[in-house]
Amino acid sequence: MAETSNASASEAQAPDAAAPLLDVRDLAVHFPIKRGVLLDRTVGHVYAVDGVSLQVRRGETYGLVGESGCGKSTLGRAILRLVDPTAGTVEFDGVDVAQLAGERLRTMRRRFQMVFQDPMSSLDPRQSVESLLREGIQAHGLSRGAEGDGARLRELVDSVGLPVAALRRYPHEFSGGQRQRIGIARALSVEPDLIVADEPVSALDVSVQAQVLNLLGRLQAELGLTYLVIAHDLAVVRHVSDRVGVMYLGGLVEEAPSQALYATRSTRTRRRCCRPSRCRTLIWRTAGSGSCSPATCRPRRHRRRGAVSTPAARGGSRRAATPNVPSCGWCRAHPTATGWPATGPRRSAAARCSHTGWSRRWRPMTCSGPALCPSTPVR
Amino acid sequence: MTTAQRTDDTRGGGPTAEPLLSVRDLRVAFQRKGEPETVAVDGVSFDVAPGQVVGLVGESGCGKSVTSMAIMRLLPERGVRVSGSVMMDGTDLLTLSDTQMRERRGRDMSMVFQDPLTSLNPVIPVGLQVTEVLRRHRGMNSDAARKAAVELLDRVGIPDPRRRLDSYPHQMSGGMRQRALIAIALACSPRLLIADEPTTALDVTIQAQILELLRELVRETGAALVMITHDLGVVAGLCETVNVLYAGRIVERAQRHRLFGTPRHPYTHGLLRSIPRMDSPQGEELPAIRGSVVDNVPWDHACAFAPRCPRSLDVCVEVTPAGETSGGRLLRCHNPVPASAE
């Protein structure tokens, strides 16, 4: 675990090495579902993120994995205040970002930046690279005069492995991997402490993926950055992360040092390493359970198990009860359960859930296990 | 690691089963006024036997999608020059008229595209798009077609198919849309199915389901499947023979186990090593392939991969490597990775 208590590049806030850089408590993001032609009625909510707590230490890489639709991107955006959280606190270096507004929020934004999934849609096609990079520097008053800025820009493109000539060019002139490098350079231009990378490599070719991952790793070592990496590819997350959180349906169902999370699967992984995609899936299936026998884990079995349930669909009925306490019997008995107990009624939990009458694809959050768990019989 | 010599090497030498599709020297060039022509596919040859799954792998821009479009004759006429031959049932698809080709598409051969949201018509219910094929090629009336469509949707694993017939594409999830697209492709039980990145837009879990579905369909119907993808994981789980494409040419072809066990071409070798693996040491620098596709040189008098190749020799930038077949493996390289290197 890389606990490099690197002095942050920011003004002296007397960083306490022990305190986490980012401390998220009970964060919730609910989106209203509106109906109606003239008067919008709120008919329900999408519980995109619901009661997530996590800490990210200085200099650490925290990996966030989950299927699409599980709320991992929304969580990342809520932390950066790109969407406003419904409830909860996001303490960044001791300051609750969720409560900030106006100028204070704007100046705070310098310290946390985002690298987006699709570099083509996140870079303004009509701005040259130079102007893209300069914008943030000027907005945050980091300008050091024409000469100083020029040197800084050259240093930036150099640090992400692009030629200096790239400064004069426009985003469409670059390949996907190069564009992602520009996105990273833009995030770095304001000297942030935390970078949230939302699927930084999933839009890239395999051969280029490795280059970008290496770049992220090198920059972290050089600049003492803290990363929150959001991805659906478990192998990628394992490669870069110190700790990994697994999300399912808006909740964090498991969190562990990445070594520990993957260790239990290592023998099977090795056996299946000639089939990366399958073995990724296997781990998916068992990510929340911790204990399940390989025999029950054959991917075959998971056919027709259905897609990830939508946080909106489950919302209405489930949220009729008090928030965070699901109404299913087993879940009520284990309100704080994250993932599955090593021993316990996995199968019966599934049964108890279903008697509440929800169709099998709409399980409440803490019952995410059965939907993922290989021991649940296929219908 | 044992490199068990597999005896069933049908690819390189005389094929035991009569190939269903036989692509020879396929070459696709795009022409633009005042510019030298761009050769996207440069002499690709491969065979697909009934019931066989053949993979075409490569990074974006290597010509794999253009290959599939050329086989299906979906490329525009203007500005595109296609040469070579694509033999199916003793006829060269490239010489057929548009009308004849339209008769075959969807009936004898069909295609599953990458992004179901753009390849399904957004303003027509899914059911109509499935029945359209049946009515066109099988001459069914609308009732019979509807019944068949329900069966098809059920077969590809769409729950509540009767209701889903009236759904529009945007009302379905990505996985379900992809299933619907597969149902359309399968409507007339084609003997050849070309899947162009069928899982790229999907989640890992859904991806596994779709791959399993394709695998099952090939097993049940005996159709031949050409799987086009950039994801080596998909290929590893599905394809028997794998063709690795680089800059429009096949640089390596081998049986799956041999290709993944002992990759010989530096490109294949590099690709396999650059993927973070579950059992690789954590946090270490990944051995990435340097540069990107834009660094290619033309194949005319060099190896296109030479500028990025860690094993390139002087000869690599002077002479085009010829494709050599030995022991069922096609290899286009002057200085391949030794067989015992992995």
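Residues numbered from 1 in each chain as written. Chains lettered and ligands numbered in written order. Predicted model: local features only at pLDDT ≥ 70, side-chain atom pairs only at ≥ 80, totals over all residues. Heavy atoms only, no water.

Caption draft 1: Up close: the overall build of chain A. Along the backbone of chain A there are 15 helices and 10 strands. Relative to all contacts within chain A whose residues are 6 or more apart in sequence, the contacts with residues 24 or more apart total 71%. Summed over all atoms, the accessible surface of chain A reaches about 15,800 Å², with 52% contributed by carbon and sulfur. (Helix = DSSP H or I, 4+ residues; strand = E, 2+ residues; numbered from the N terminus. Contact = heavy atoms within 4.5 Å. Areas by Shrake-Rupley, 256 points an atom, 1.4 Å probe, with all protein chains shown as cover.)

Caption draft 2: Main features of the packing of aromatic side chains. In the structure shown here, the tally under the stated rule is four aromatic pairs over all chains. Ring centres of B:Tyr267 and B:Phe305 lie 5.2 Å apart, and the angle between their planes is 65°; on these two criteria the pair is classed as edge-to-face. On the criterion of sequence distance, the pair formed by B:Tyr267 in helix α11 (residues 266-274) and B:Phe305 in the loop between α11 and β11 (324-326) is long-range, its members being 38 residues apart. Overall, the relative accessible area of 0% leaves B:Tyr267 in the buried class. Judged by its relative accessible area of 1%, B:Phe305 falls in the buried class. Feature note: the residues B:Tyr246, B:Tyr267 and B:Phe305 constitute an aromatic cluster, connected by ring pairs. Lying across the ring of A:Phe174, A:Arg169 places its NZ or CZ 4.6 Å from the centre. (Phe/Tyr/Trp six-rings, centres within 6.5 Å; stacked < 30°, edge-to-face > 60°. Buried < 20%, exposed > 50% of the residue type's maximum accessible area, 1.4 Å probe, protein only. Lys NZ or Arg CZ within 6 Å of the ring centre and 35° of its normal.)

Caption draft 3: Highlighting the pattern of salt bridges. In the structure shown here, the tally under the stated rule is 34 salt bridges over all chains. With a closest N to O distance of 2.7 Å, A:Arg134 and A:Glu130 form a salt bridge. Of this pair, A:Arg134 and A:Glu130 are both found in helix α4 (residues 129-139), four residues apart, which corresponds to roughly one turn of the helix. The exposure class of A:Arg134 is partly exposed, given its relative accessible area of 22%. For A:Glu130, a relative accessible area of 22% puts it in the partly exposed group. Here A:Arg134 ties to A:Asp149 by a salt bridge, and the two come within 3.8 Å at their closest N and O atoms. You can see A:Arg134 sitting in helix α4 and its partner A:Asp149 sitting in helix α5 (residues 145-159), a full 15 residues away along the chain. A network of salt bridges, in which partner residues are shared, links B:Asp89, B:Glu103, B:Arg107, B:Asp108, B:Arg136 and B:Arg191. (Salt bridge = Lys/Arg side-chain N within 4 Å of Asp/Glu carboxyl O.)

Caption draft 4: Region of the structure containing the sheet that holds strand β5 (residues 91-92) of chain B. All names here are of chain B. Taken in spatial order, the four strands make up an open sheet running β2-β1-β4-β5, and their pairing is antiparallel. The sheet is open, and its two edges are formed by β2 (38-48) and β5, each paired on a single side. Bridge count for strand β4 (residues 80-88) against β5 is two bridges, and the pairing is antiparallel. Bridge pairing in β5 places Met-88 opposite Thr-91. (Pairing = 2+ DSSP bridges.)

Caption draft 5: Seen up close, the confidence of the model for chain B. Residues and elements named next belong to chain B. Summary statistics for chain B give a mean pLDDT of 85 and a share of 91% for residues scoring 70 or more. The low-confidence segment residues 1-15 (pLDDT under 50) makes 17 contacts with residues lying over four places distant or belonging to another chain. Here the prediction assigns the complex a pTM of 0.71, and the interface score ipTM is 0.71. (pLDDT = per-residue confidence, 0-100.)

Caption draft 6: Structural detail: the sheet that holds strand β10 (residues 251-257) of chain A. All names here are of chain A. The strand order across the open sheet formed by six strands is β6-β7-β8-β3-β9-β10, and the pairing between neighbours is mixed. The open sheet is flanked by β6 (112-115) and β10, the only strands paired with a single partner. When strand polarity is set aside, the average angle formed by the axes of neighbouring strands in this sheet is 20°. The strands touched by helix α1 (residues 72-79) within the sheet are β3 (61-65), β6, β7 (194-198), β8 (226-231) and β9 (243-248), with β8 carrying the most contacts at an inclination of about 150°. (Axes fitted to C-alpha atoms, helices over the stretch in contact; angles between N-to-C directions.)

Caption draft 7: Seen up close, helix α6 (residues 176-188) of chain A. Residues and elements named next belong to chain A. When the terminal C-alpha atoms of α6 are compared, their 18 Å separation across 13 residues agrees well with the 18 Å that a helix rising 1.5 Å per residue should span. Across the 13 residues of α6, 10 count as buried, placing the element largely inside the fold. For α6, the set of buried residues is Gly-177, Arg-179, Gln-180, Arg-181, Ile-182, Gly-183, Ile-184, Ala-185, Ala-187 and Leu-188. Those residues of α6 hidden inside the fold are in contact with β6, α3 (119-122), α4, α5, β7 and α7 (206-223). (Expected span 1.5 Å × (residues − 1).)

Caption draft 8: Fine view of the packing of helix α4 (residues 126-138) of chain B against helix α5 (residues 142-155) of chain B. Residues and elements named next belong to chain B. Running from amino to carboxyl end, α4 crosses α5 at an angle of 125°, the nearest separation of the two axes being 9 Å. Our classification of the angle between α4 and α5 gives oblique. Regarding α4 and α5, the two cross each other, and that crossing is right-handed. On α5, the residues touching Val-130, Thr-131, Leu-134 and Arg-135 of α4 are Ser-142, Ala-145, Arg-146, Ala-148, Ala-149, Leu-152 and Leu-153. By residue class, the composition of the contact of α4 with α5 is seven nonpolar, two polar and two charged. (Parallel < 35°, antiparallel > 145°, perpendicular 65-115°, else oblique. Left-handed = near helix turned anticlockwise from the far one by under 90°. Nonpolar A, V, L, I, M, F, W, Y, C, P; charged D, E, K, R; others polar.)

Caption draft 9: Region of interest: the pairing of strand β6 (residues 109-112) of chain B. Residues and elements named next belong to chain B. Neither face of β6 is exposed, since Met-109 and Met-111 on one face and Ser-110 and Val-112 on the opposite face are all buried. Pairing of β6 with strand β7 (residues 192-196) involves four bridges; the strand directions are parallel. If you follow Ser-110 over to β7, its bridge partner there is Leu-193.

Caption draft 10: Representation of the environment of A:Arg81 in the model. Residue and element names in this part refer to chain A. Positionally, Arg-81 belongs in the loop between α1 and β4 (87-92). Assessed through its relative accessible area of 12%, Arg-81 is described here as buried. Sequence separation between Arg-81 and Arg-109 is 28 residues; the distance between their C-alpha atoms is 8.7 Å. Contacts of Arg-81, omitting those with residues within four sequence positions, involve Val-97, Ala-98, Gln-99, Leu-100, Leu-105 and Arg-109. At a separation of 2.8 Å, a polar atom in the side chain of Arg-81 contacts the main-chain carbonyl oxygen of Leu-100. (Polar contact = N/O pair within 3.5 Å; in protein donor to acceptor, adjacent residues only side chain to side chain.)

Caption draft 11: Summary view of α5(A). Residue and element names in this part refer to chain A. With 15 residues, α5 should cover 21 Å at 1.5 Å per step; its first-to-last C-alpha distance of 21 Å lies within 8% of that length. Those residues of α5 that fall on the buried side of the exposure criterion are Asp-149, Gly-150, Arg-152, Leu-153, Leu-156, Val-157 and Ser-159. Its buried side turned inward, α5 meets α4, α6 and α7. A positive backbone phi angle near 80° is found at Gly-161, which sits one or two residues after α5.

Caption draft 12: Local environment of the side chain of B:Ser22. All names here are of chain B. Among the structural elements, Ser-22 can be located in strand β1 (residues 21-30). The exposure class assigned to Ser-22 is buried, which follows from its relative accessible area of 13%. Within the structure, Ser-22 has its side chain in polar contact with the side chain of Asp-47 (distance 3.1 Å). Among residues more than four places away in sequence, those in contact with Ser-22 are Phe-46, Asp-47, Ser-85, Val-86 and Met-87.

Caption draft 13: Spotlight on the environment of B:Leu181. Residues and elements named next belong to chain B. Along the chain, the position of Leu-181 falls in helix α7 (residues 174-186). Residue classification places Leu-181 among the buried positions, given a relative accessible area of 6%. Distance in space between the C-alpha atoms of Leu-181 and Leu-120 is 7.4 Å, their sequence separation being 61 residues. With near-sequence residues (within four places) excluded, Leu-181 lies in contact with Val-112, Phe-113, Pro-116, Ser-119 and Leu-120.

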